Amino acid sequence: MTDVNLTLILGAAFLGAATPGPATLTIAGTAMQHGRKPGLALAAGVCSGSLIWSVSAAFGLGAVMLANAWLFEAVRYIGAGYLMYLAVRSARSALSHKTPVLRTAPTPALRVAYAKGLALHLTNPKAALFFGALYAIVLPPGSPLSELLTVMGAIAVQSALIFHGYALLFSSAAAARMYLRLRRGFEAVFAAAFATASWQIFAARLN
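Residues numbered from 1 in each chain as written. Predicted model: local features only at pLDDT ≥ 70, side-chain atom pairs only at ≥ 80, totals over all residues. Heavy atoms only, no water.

## Remarks on the overall build of the protein
Right, so step 1: Within the protein, the secondary structure is distributed over ten helices and zero strands.
Right, so step 2: Within the protein, residue pairs in contact and separated by at least 24 positions form 87% of the contacts whose partners lie at least 6 positions apart.
Right, so step 3: As presented, the protein carries roughly 10800 Å² of accessible surface, and 70% of it is formed by carbon and sulfur atoms. (Helix = DSSP H or I, 4+ residues; strand = E, 2+ residues; numbered from the N terminus. Contact = heavy atoms within 4.5 Å. Areas by Shrake-Rupley, 256 points an atom, 1.4 Å probe, with all protein chains shown as cover.)

## Considering the nonpolar core
Right, so step 1: Ranked by internal contacts, the top residues of the largest apolar core, which has 29 residues, are Ile27, Leu83 and Phe163.
Right, so step 2: At the level of secondary structure, the elements contributing two or more residues to this core comprise helix H1 (6–18), helix H2 (22–34), helix H3 (36–58), helix H5 (69–95), helix H6 (109–122), helix H8 (145–170), helix H9 (173–181) and helix H10 (183–203).
Right, so step 3: Once residues within four sequence positions are removed from consideration, Leu83 is found in contact with Pro22, Leu120, Phe194, Ala197, Ser198 and Ile201. (Core = buried A, V, L, I, M, F, W, Y, C linked by side-chain atoms within 4.5 Å. Buried < 20%, exposed > 50% of the residue type's maximum accessible area, 1.4 Å probe, protein only.)

## With respect to the environment of Asn124
Right, so step 1: Mapped onto the fold, Asn124 is located in the loop between H6 and helix H7 (125–138).
Right, so step 2: The contact partners of Asn124, leaving out residues within four places of it in the chain, are Trp53 and Ile201.

## Some words on the packing of H2 against H8
Geometrically, a packed helix pair is captured by the angle between its two axes and the distance between the axes.
Right, so step 1: At a minimum axis separation of 8 Å, H2 and H8 run at an interaxial angle of 35°. For H2 against H8, the interelement crossing comes out right-handed. Residue-level contacts link Ala23, Thr24, Ile27, Ala28, Ala31 and Met32 of H2 to Phe163, Tyr166, Ala167 and Phe170 of H8.
Right, so step 2: Residues of the contact of H2 with H8, tallied by class, amount to nine nonpolar, one polar and no charged. (Axes fitted to C-alpha atoms, helices over the stretch in contact; angles between N-to-C directions. Left-handed = near helix turned anticlockwise from the far one by under 90°. Nonpolar A, V, L, I, M, F, W, Y, C, P; charged D, E, K, R; others polar.)

## Overview of the packing of H2 against H3
Right, so step 1: Between H2 and H3, the least distance of the axes is 7 Å, while the angle of their chain directions is 160°. As far as their axial angle goes, H3 and H2 are roughly antiparallel. Remark: the crossing between H2 and H3 carries right-handed chirality. In contact with Ala23, Thr26, Ile27, Thr30, Ala31 and His34 of H2, H3 contributes Arg36, Pro38, Gly39, Leu42, Ala43 and Val46.
Right, so step 2: Its residues placed into classes, the contact of H2 with H3 shows seven nonpolar, four polar and one charged. (Parallel < 35°, antiparallel > 145°, perpendicular 65-115°, else oblique.)

## With respect to H8
At 3.6 residues per turn, the α-helix brings residues three or four places apart onto the same side.
Right, so step 1: The terminal C-alpha atoms of H8 lie 37 Å apart, and with 26 residues this matches the ideal 38 Å at 1.5 Å per residue to within 8%.
Right, so step 2: Buried within H8 we find Glu147, Leu148, Val151, Met152, Ala154, Ile155, Gln158, Ser159, Ile162, Phe163, Tyr166 and Ala167. (Expected span 1.5 Å × (residues − 1).)

## So, a nonpolar patch on the surface
Right, so step 1: On the surface, Leu51, Val55, Phe59, Leu145 and Leu149 cluster together into a nonpolar patch covering about 450 Å² of accessible area.
Right, so step 2: Taken together, the elements giving at least two residues each to the nonpolar patch come down to H3 and H8. (Patch = residues over 30% accessible without salt bridge, like charges linked within 9 Å, V, L, I, M, F, W, Y side chains within 5 Å. Salt bridge = Lys/Arg side-chain N within 4 Å of Asp/Glu carboxyl O.)

## Observations concerning the environment of Ile155
Right, so step 1: By secondary structure assignment, the location of Ile155 is in helix H8.
Right, so step 2: The residues touching Ile155, leaving out its near neighbours within four places in the chain, are Ile9, Leu10, Ala13, Phe131, Leu134 and Tyr135.

## Comments concerning H6
Right, so step 1: The terminal C-alpha atoms of H6, which comprises 14 residues, lie 20 Å apart, in line with the 20 Å expected from a rise of 1.5 Å per residue.
Right, so step 2: Within the sequence span of H6, burial applies to Ala113, Gly117, Leu120 and His121. The arc enclosing the buried residues of H6, seen along the axis, measures out at 90°, which places them on a common side. Residues of H6 that are exposed and angled more than 90 degrees away from the buried face: Arg111 and Val112. (Arc of directions from axis to C-beta.)

## Observations concerning the side chain of Ser56
Right, so step 1: The residue Ser56 is located in helix H3 in this model.
Right, so step 2: You can call Ser56 buried: its relative accessible area is 18%.
Right, so step 3: In terms of polar contacts, Ser56 uses its side chain to reach the backbone carbonyl oxygen of Ile52, at 2.7 Å. (Polar contact = N/O pair within 3.5 Å; in protein donor to acceptor, adjacent residues only side chain to side chain.)

## Structural notes on the side chain of Ser54
Right, so step 1: Counting through the fold element by element, Ser54 comes out in helix H3.
Right, so step 2: Not counting residues within four places of it along the chain, the set of residues in contact with Ser54 comprises Phe131, Tyr135 and Met152.

## Focus on the confidence of the model for the protein
Right, so step 1: Per-residue pLDDT for the protein averages 78, and the proportion of residues at 70 or more is 81%.
Right, so step 2: Confidence scores differ between elements of the protein, with helix H4 (residues 61–67) showing the lowest mean pLDDT of 61 and H3 the highest of 90. (pLDDT = per-residue confidence, 0-100.)

What follows is the structure in structure tokens.
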């Protein structure tokens with residue numbers, strides 16, 4: 001069994017998950033506006049998407065995507081389009097003078113929140129490239145299955161703690177009150193962040 005620098009792997013994965021981006025912003029916005037359960041459901045969807053990319057990259061999907069540019073391009077355009085859709089929704093909310101009603105989402109909305117988080121991460125080509133590069137660098141070809149499972153499990157647990165931690169943090173009563181006071185400003189920031197991320201993905205080129 002070869003040595004795996006799990007600290008280095010988790011450090012890189014931590015930066016990728018904890019750095020503010022579309023996933024963390026969506027979790028924060030959902031938790032502030034709709035409360036803990038929808039925020040946690042969306043976080044679970046993001047974690048599921050992250051695990052799917054992690055497992056796929058560990059077993060070679062990253063290499064397949066890089067070898068078949070059309071597949072990467074398809075994910076890239078779908079991801080850019082989805083982020084732009086979220087940007088438009090946030091922009092419309094920022095321009096609306098309607099007073100929001102917080103934390104009234106019905107139970108069925110939890111499934112919608114989970115699906116939103118899953119779609120957000122599965123349509124992110126940067127996640128595919130990140131995990132593909134991570135496994136290619138830290139795990140040599142032919143690594144034992146036990147090492148793959150250890151790395152995938154450790155990253156999954158860390159991602160779950162980070163994303164669900166965001167949901168719990170921003171679902172507090174204080175965060176909800178802050179969102180209520182600064183709703184239009186928050187939504188404007190979300191719109192700008194989603195639009196920027198969409199453009200970055202759309203303009204990226206596979207080298």
